[in-house]
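Spelled out, the chains give:
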Amino acid sequence: MKIVFATRNENKAKEIKALLPKHIEILSLNDIGCSEEIEETEATIEGNAVLKAKYIKENYNYDCFADDTGLEVKSLNGAPGVFSARYAGEEKDANANMDKLLKELASHTNREAQFKTVIALTLNNETYTFEGIATGEITKEKHGNQGFGYDPIFLPTGYKNTFAELSFEEKNKISHRGLAIQKLIKFLNSRE
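Residues numbered from 1 in each chain as written. Predicted model: local features only at pLDDT ≥ 70, side-chain atom pairs only at ≥ 80, totals over all residues. Heavy atoms only, no water.

Enquirer: Explain helix α1 (residues 10-19) here, please?
Expert: Residues spaced three or four apart along an α-helix face the same direction, because each turn holds 3.6 residues. Of all the positions in α1, only Lys 12, Ala 13, Glu 15 and Ile 16 are classed as buried. Projected down its long axis, α1 shows its buried positions confined to an angular sector of 165°, all on one face. Residues of α1 that are exposed and point more than 90 degrees away from the buried face comprise Glu 10 and Lys 14. Buried residues belonging to α1 abut β1 (2-5), β3 (64-73), α4 (168-174) and α5 (176-190). (Buried < 20%, exposed > 50% of the residue type's maximum accessible area, 1.4 Å probe, protein only. Helix = DSSP H or I, 4+ residues; strand = E, 2+ residues; numbered from the N terminus. Arc of directions from axis to C-beta. Contact = heavy atoms within 4.5 Å.)

Enquirer: Could you clarify how one ought to interpret the side chain of Thr 162 in this entry?
Expert: With respect to the element layout, Thr 162 can be found in the loop between β7 (154-156) and α4. Since its relative accessible area comes to 1%, Thr 162 is described here as buried. A polar side-chain atom of Thr 162 sits 2.8 Å from the main-chain carbonyl oxygen of His 143. When residues no more than four places from it in sequence are discounted, the contact partners of Thr 162 are Thr 139, His 143, Asp 151, Pro 152, Phe 154, Leu 155 and Pro 156. (Polar contact = N/O pair within 3.5 Å; in protein donor to acceptor, adjacent residues only side chain to side chain.)

Enquirer: What is the right way to look at the packing of α1 against α5 in this model?
Expert: Packed helix pairs are specified by the crossing angle of their axes together with the interaxial distance, meaning the distance between the axes. Where α1 contacts α5, the two axes come as close as 10 Å, and the packing angle between them is 45°. Put simply, α1 runs oblique to α5. The hand of the α1/α5 crossing is right-handed. For the pair α1 and α5, contact is made by Lys 12, Glu 15, Ile 16 and Leu 19 and by Arg 177, Gly 178, Ile 181 and Ile 185, respectively. Classifying every residue of the contact of α1 with α5 gives 4 nonpolar, 1 polar and 3 charged. (Axes fitted to C-alpha atoms, helices over the stretch in contact; angles between N-to-C directions. Parallel < 35°, antiparallel > 145°, perpendicular 65-115°, else oblique. Left-handed = near helix turned anticlockwise from the far one by under 90°. Nonpolar A, V, L, I, M, F, W, Y, C, P; charged D, E, K, R; others polar.)

Shown next as structure tokens:
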């Protein structure tokens, strides 16, 4: 089975390829000749995932899955949410995003947060979505150098280490993306 994964984020691609069964061949956007930027114009995480998957299906005629992820902080009414990647500006600078978030949370005692990933799959002209949520809290400073994005400041529930301090394998077992991918894999395996 060949499916396009609509991302340009090499870290995401690496995480997902490690989780998928070997009989599923992942094609990149480069593999299918897609060089254009797919604008994320929807107001929700789910909407952006669906938009990207449908764009590939409609313009390149490949079955595709796409994900969108947001960090939702309770005391900030769910922010940064759908704007997580661009929280501190269009440059998508992870350190600037974390610095802005830590500054905004400086006066808050409630640091509860959750990572939410939605994967949208277009398969045989149908669209399916799979959601994964990892709960936790935002630390007061950065810890660790694994992972990417907000990982150095996200402490998952029940752990003493941030996502950035966990091994690749440990994080994939409990992460929002890992949970959503597990649901996707179960679905794809049921379609064989």
